[in-house]
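Structural characterization, general
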Amino acid sequence: MKNTLFKIYDTLALHRLVTLTALIISGLISGLSLWFHFKTQQELRHKSYVIDPAGGVLPIRWSASSDQMEVEVRAHIQTFIELFYGLEPASMQKNLSKALWLADRSVDELYQQKKSDGVYNRILQYALIHQVKSVSIELSEDQRNPTFITEVIFQVARGTSVDHYRLVATGELRSIERNFPNNPHGLLITNYYEQSLKKIPYEIVQE
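Residues numbered from 1 in each chain as written. Predicted model: local features only at pLDDT ≥ 70, side-chain atom pairs only at ≥ 80, totals over all residues. Heavy atoms only, no water.

For the rest of this paragraph, the subject is the environment of Gly171. Secondary-structure assignment places Gly171 in strand E5 (residues 161-175). Exposure remark for Gly171: the relative accessible area of 5% places this residue in the buried category. Spatially, the C-alpha atom of Gly171 lies 8.8 Å from that of Pro146, the residues being 25 residues apart in sequence. Those residues in contact with Gly171, other than ones at most four positions away along the chain, are Thr147, Phe148, Thr190, Asn191 and Tyr192. (Helix = DSSP H or I, 4+ residues; strand = E, 2+ residues; numbered from the N terminus. Buried < 20%, exposed > 50% of the residue type's maximum accessible area, 1.4 Å probe, protein only. Contact = heavy atoms within 4.5 Å.)

Turning our attention to the nonpolar core. As a rule of thumb, soluble globular proteins bury nonpolar side chains together. Ranked by size, the top nonpolar core spans 32 residues in total, and within it Phe80, Ile81, Phe84, Tyr85, Tyr120 and Tyr192 carry the most contacts. Sorting the residues of this core by element identifies helix H2 (66-85), helix H3 (92-100), helix H4 (105-116), helix H5 (119-126), strand E3 (129-139), strand E4 (147-158), E5 and strand E6 (187-200) as the ones contributing at least two each. At seven residues, the largest contribution of residues to this core is made by H2. Beyond its immediate stretch of four places on either side in the chain, Ile81 contacts Gly86, Val132, Val135, Thr150, Val152 and Tyr192. (Core = buried A, V, L, I, M, F, W, Y, C linked by side-chain atoms within 4.5 Å.)

This part covers the layout of surface pockets. In this structure, the second largest pocket encloses a volume near 330 Å³. Elements with a minimum of two residues in the lining of the second largest pocket: H2, H4, H5, E4, E5 and E6. Looking at the lining of the second largest pocket, the element that brings in the most residues is H5, giving four residues. Of the residues assigned to the lining of the second largest pocket, the class counts are 12 nonpolar, two polar and four charged. (1 Å grid on protein atoms, 1.4 Å probe; cavity = no way out; pocket = protein on both sides within 12 Å on 5 of 7 lines; lining within 4 Å. Points joined across faces, edges and corners; volume = space filled by probe spheres on them. Nonpolar A, V, L, I, M, F, W, Y, C, P; charged D, E, K, R; others polar.)

In structure tokens form, the structure reads like this:
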């Protein structure tokens with residue numbers, strides 16, 4: 001009887017050891033799987049892929065360097081300016097809708113103000129064409145919360161009559177989730193303000 005009890009105890013102890021070992025191994029495997037998954041996700045966040053001429057997949061690593069960030073910031077501002085101020089009857093609503101994706105409510109409020117002032121109605125009524133001729137952008141050195149000043153030269157054409165204007169505007173930028181194709185740079189213009197808008201002679205435009 002005593003030997004039987006010892007055998008039962010040994011068997012139970014062995015089963016417990018096997019169970020604990022299995023649990024530890026399962027935990028290690030789960031932990032490693034989670035770690036590899038997290039590492040892979042982190043790597044994929046900084047990579048994009050293209051198809052080479054032979055049909056293979058090539059990874060492209062994106063770098064968060066200040067040079068690339070400045071390029072994206074300038075491209076974002078330039079795109080906004082061209083959409084918001086480069087207007088003509090056929091594409092006006094489409095351009096304005098795209099521009100509003102790139103900025104916060106400060107631009108939406110400006111849009112509503114221009115709308116109530118009859119700016120867009122005049123474009124439709126008189127078939128005006130607003131064309132952006134040049135955009136200069138001055139950025140602050142703060143890479144995390146950049147501010148900007150932009151000078152825009154644009155012309156307003158009605159038939160053979162053409163007038164030119166200089167717009168100076170300021171704003172800030174903050175990062176948001178990228179949204180292709182609405183906001184591919186993942187930036188949002190905030191606190192946008194038109195400081196001045198003046199009619200200028202054609203000779204200044206040519207300089």
